[in-house]
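Each chain, letter by letter, is given below.
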Amino acid sequence: MTDEFLILVDSNDNPIGTEEKVRCHLPDGKLHRAFTVLLFDNQDRLLLTRRSDGKMLWPGDWDGTVASHPRKTETYVSSAERRLPEEIGADCKLDYLFKFEYHVPYKNVGSENEICGTLIGQVPNNFEMNLVKDEISEIKWAEQKQLLSDIDRNPQNYCPWMLVALYFLYASDNVMIQKHKQVFDKWMRVENQPILERALKFHFPTNNWRLIK
């Protein structure tokens, strides 16, 4: 982690100051603003990325496409569109879906205590990427049934915020659901929810996650 400063927020996502990134991710880290990106291709597969082994938190675990933090002058969308090329070496226009709050420890090393905006994007099947060293070690396109089955068997291999984002897809605005209808028809199925709930219980035994209206 660098000397980057993150946006501190209250429980309603109102900015209340800034703090060093490392201090925000200590076991008692302060609530701050973040985002997570879910990119899908024309076959409705989700682009997963494996976090570098050099990461302080959840090293080597599978994540959604990109997760990071907005800067002081950025929106959720502009920050995520800025960050994509910094991690996967490619651009994509994104849409905002919803935001959620969660707090989860990582061993005795640190924690994530975030209000997290969720963004969606769709890319062609020939989407080309160039992974950025020290950020991502591996990528793969995941089909819905296969991914949910593995999440059910191995929740420990997946980042908790990714699971929350997938669970709350139903909370997206109807305009976005219609715009990305093919993706939502596949990934917002009722049978997905119990699987994700079990995985979330593994990461959040005290249910410390919630949707922000």
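Right above here is the structure, for reference.
Residues numbered from 1 in each chain as written. Predicted model: local features only at pLDDT ≥ 70, side-chain atom pairs only at ≥ 80, totals over all residues. Heavy atoms only, no water.

**Examining the overall build of the protein chain**
Right, so step 1: The helix and strand tally for the protein chain stands at 7 helices and 10 strands.
Right, so step 2: Taking 213 residues into account, the globule formula puts the C-alpha radius of gyration at 17 Å, and the protein chain, at 16 Å, falls close to it.
Right, so step 3: In terms of principal-axis extent, the alpha carbons of the protein chain reach across some 40 × 35 × 35 Å.
Right, so step 4: Considering the protein chain as a whole, with its 213 residues, one finds that 54% of them fall into the buried category.
Right, so step 5: Long-range pairs, those at least 24 residues apart, make up 68% of the contacts in the protein chain between residues at least 6 apart in sequence.
Right, so step 6: Accessible surface for the protein chain amounts to roughly 10,000 Å². Of this, 48% is attributable to carbon and sulfur atoms.
Right, so step 7: Distance from the positive charge centre (27 side chains) to the negative charge centre (32 side chains) of the protein chain: 2 Å. (Helix = DSSP H or I, 4+ residues; strand = E, 2+ residues; numbered from the N terminus. Rg over C-alpha atoms; globule rule 2.2 N^0.38 Å. Buried < 20%, exposed > 50% of the residue type's maximum accessible area, 1.4 Å probe, protein only. Contact = heavy atoms within 4.5 Å. Areas by Shrake-Rupley, 256 points an atom, 1.4 Å probe, with all protein chains shown as cover. Lys, Arg positive; Asp, Glu negative; His and termini not counted. Charge placed at Lys NZ, Arg CZ, Asp CG, Glu CD.)

**Structural notes on the packing of aromatic side chains**
Right, so step 1: Under the counting rule described, the total for this entry stands at 16 aromatic pairs.
Right, so step 2: Geometrically, the ring pair formed by Trp58 and Trp161 is edge-to-face, given 5.4 Å between the ring centres and 85 degrees between the ring planes. With Trp58 in the loop between strand 4 (46–51) and strand 5 (62–63) and Trp161 in helix 4 (residues 160–167), this pair connects stretches of sequence that are 103 residues apart. The residues Trp58 and Trp161 share a single accessibility class, namely buried.
Right, so step 3: Aromatic ring contacts, followed pair by pair, group Trp58, Phe98, Phe100, Tyr102, Tyr106, Trp161, Tyr167, Phe168, Tyr170, Phe204 and Trp209 into a single cluster.
Right, so step 4: In this arrangement the basic side chain of Lys140 is found over the ring face of Trp62, its NZ or CZ atom lying 4.4 Å from the centre. (Phe/Tyr/Trp six-rings, centres within 6.5 Å; stacked < 30°, edge-to-face > 60°. Lys NZ or Arg CZ within 6 Å of the ring centre and 35° of its normal.)

**Remarks on the side chain of Asp13**
Right, so step 1: Along the polypeptide, Asp13 turns up in the loop between strand 1 (5–9) and strand 2 (15–20).
Right, so step 2: Here the side chain of Asp13 touches Lys99 through a polar contact of 2.8 Å, side chain to side chain.
Right, so step 3: Those residues in contact with Asp13 that lie beyond four places of it in its chain are Arg33, Tyr76, Lys99 and Ile115. (Polar contact = N/O pair within 3.5 Å; in protein donor to acceptor, adjacent residues only side chain to side chain.)

**Comments concerning the pattern of salt bridges**
Right, so step 1: With the rule as written, the count across this model stands at 19 salt bridges.
Right, so step 2: Among the salt bridges present, the one from Arg83 reaches Glu86, with a minimum N-O distance of 2.8 Å. One end of the pair is Arg83 and the other is Glu86, both in helix 2 (residues 76–88) and 3 residues apart, which spans about a single turn.
Right, so step 3: For Arg83, a relative accessible area of 13% puts it in the buried group.
Right, so step 4: Looking at Glu86, the relative accessible area reads 29%, which means it is partly exposed. (Salt bridge = Lys/Arg side-chain N within 4 Å of Asp/Glu carboxyl O.)

**A few points about the nonpolar core**
Right, so step 1: Counting 43 residues, the largest nonpolar core has Leu46, Phe100, Leu147, Ile151, Leu166 and Trp187 as its most contacted members.
Right, so step 2: The contact partners of Trp187, leaving out residues within four places of it in the chain, are Phe40, Asp44, Leu46, Ala142, Glu143, Gln144, Leu147, Leu148, Leu166, Leu169 and Asn192. (Core = buried A, V, L, I, M, F, W, Y, C linked by side-chain atoms within 4.5 Å.)

**Here we look at the pairing of strand 4**
The side chains of a regular strand alternate, residue by residue, between the two faces of the sheet.
Right, so step 1: Of all 6 residues in strand 4, 5 are buried, a share of seventy percent or more.
Right, so step 2: The pairing of strand 4 with strand 9 (residues 136–142) spans 6 bridges and is antiparallel. Following the sheet pairing, Thr49 is matched in strand 9 by Ile139.
Right, so step 3: With 2 bridges joining them, strand 4 and strand 5 adopt antiparallel strand pairing. Its bridge partner lying in strand 5, Arg50 is registered against Trp62. (Pairing = 2+ DSSP bridges.)

**Some points on the environment of Leu211**
Right, so step 1: Of note, Leu211 is situated in strand 10 (residues 209–212).
Right, so step 2: Note on Leu211: relative accessible area 17%, which makes it buried.

In short, geometric facts, not functional conclusions.
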